[in-house]
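Single-letter residue listing:
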Amino acid sequence: MKVFKMNDYDWVAAENEKQAKEFYKEECGFDDDDINEEFVGEVSLKEEMLIEADDLPIKEQKEQQKTMTYGNVLWVYKSFEWVIAHEKIDKPRVICSTEY
């Protein structure tokens, strides 16, 4: 799986760009013009996203990791590669999203 930055707020895990765009179009209701206008492209699987610390396996919760606190929640930085492997992602899906 690869990860594609669709716009300023959503990243999609998919096998290729075409699959990512088709999935995003069906999932979010955008048309091709909207998707292509804001589409950024493939990003490195080494890029990180935030996961709630409570969602990590117990063993990893005890390890020292790069974290941040937002509100009263502890978040851990994990690579897209880790998330894909850990969650066994094998179909297109929104892997990460940022709220405005």
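Structure shown above.
Scope of this entry: the structure provided in the associated data block. (Residues numbered from 1 in each chain as written. Predicted model: local features only at pLDDT ≥ 70, side-chain atom pairs only at ≥ 80, totals over all residues. Heavy atoms only, no water.)

**Some details on the overall build of the protein chain**
Along the backbone of the protein chain there are four helices and seven strands. Tracing the protein chain from N to C terminus, the helices and strands come up as β-β-α-α-β-β-α-β-β-α-β. Considering only C-alpha atoms, the protein chain reaches an extent of 45 × 30 × 20 Å along its principal axes. Scored against the burial criterion, the 100 residues of the protein chain give a buried share of 33%. Expressed as a percentage of contacts within the protein chain between residues at least 6 apart in sequence, the contacts between residues at least 24 apart total 55%. In the form shown here, the protein chain has an accessible surface area of approximately 6800 Å², with 45% of it arising from carbon and sulfur atoms. Separation between the mean location of the 13 positive side-chain charges and that of the 25 negative ones in the protein chain comes to 8 Å. (Helix = DSSP H or I, 4+ residues; strand = E, 2+ residues; numbered from the N terminus. Buried < 20%, exposed > 50% of the residue type's maximum accessible area, 1.4 Å probe, protein only. Contact = heavy atoms within 4.5 Å. Areas by Shrake-Rupley, 256 points an atom, 1.4 Å probe, with all protein chains shown as cover. Lys, Arg positive; Asp, Glu negative; His and termini not counted. Charge placed at Lys NZ, Arg CZ, Asp CG, Glu CD.)

**A word on the nonpolar core**
Ranked by size, the top nonpolar core spans 16 residues in total, and within it V3, W11, M49, F80, V83 and I95 carry the most contacts. Contributions of two or more residues to this core are made by β2 (10-14), β4 (48-52), α4 (80-86) and β7 (93-97). F4, A14, F23 and Y24 belong to the second-largest nonpolar core, a separate cluster that totals nine residues. (Core = buried A, V, L, I, M, F, W, Y, C linked by side-chain atoms within 4.5 Å.)

**Topic: the sheet that holds β2**
Strand pairing in a sheet relies on backbone hydrogen bonds. The paired strands run either parallel or antiparallel. Strand order across the open sheet formed by four strands is β3-β1-β2-β7, with antiparallel pairing between neighbours. A strand with exactly one partner marks an edge of an open sheet, and here the two such strands are β3 (41-43) and β7. On average, each strand axis in the sheet is inclined to that of its neighbour by 40 degrees, with strand direction left out of account. As judged from the four bridges shared by β2 and β7, these two strands associate in the antiparallel manner. By the bridge assignment for β7, W11 is matched with C96. Across the face of the sheet, helix α1 (residues 17-28) comes into contact with β1 (2-5), β2 and β7 while running at roughly 125 degrees to β2. (Pairing = 2+ DSSP bridges. Axes fitted to C-alpha atoms, helices over the stretch in contact; angles between N-to-C directions.)

**Here we look at the pattern of salt bridges**
Tallied over the full model, the rule gives seven salt bridges. A salt bridge links E22 to K25, with the shortest nitrogen-to-oxygen separation between them at 3.8 Å. Here K25 and E22 lie together in helix α1, a separation of three residues that amounts to about one turn. According to the relative accessible area criterion, K25 is partly exposed, its value standing at 26%. Note that E87 and R93 form a salt bridge whose closest N and O atoms lie 2.7 Å from each other. Looking at E87, the relative accessible area reads 35%, which means it is partly exposed. In this structure, a network of salt bridges that share partners links the residues E22, K25 and D32. (Salt bridge = Lys/Arg side-chain N within 4 Å of Asp/Glu carboxyl O.)

**Topic: the pairing of β1**
Pairing of β1 with β2 involves four bridges; the strand directions are antiparallel. Bridged to K5 within β2 is W11. Adjacent in sequence and paired antiparallel, β1 and β2 are bridged by four residues.

**Comments concerning the environment of E81**
Here E81 is to be found in helix α4. It is 6.3 Å that separates the C-alpha atoms of E81 and K46, two residues lying 35 residues apart in sequence. Residue contacts for E81: discarding those within four places in its chain leaves L45 and K46.

Keep in mind that these numbers describe shape and distance, not what the molecule does.
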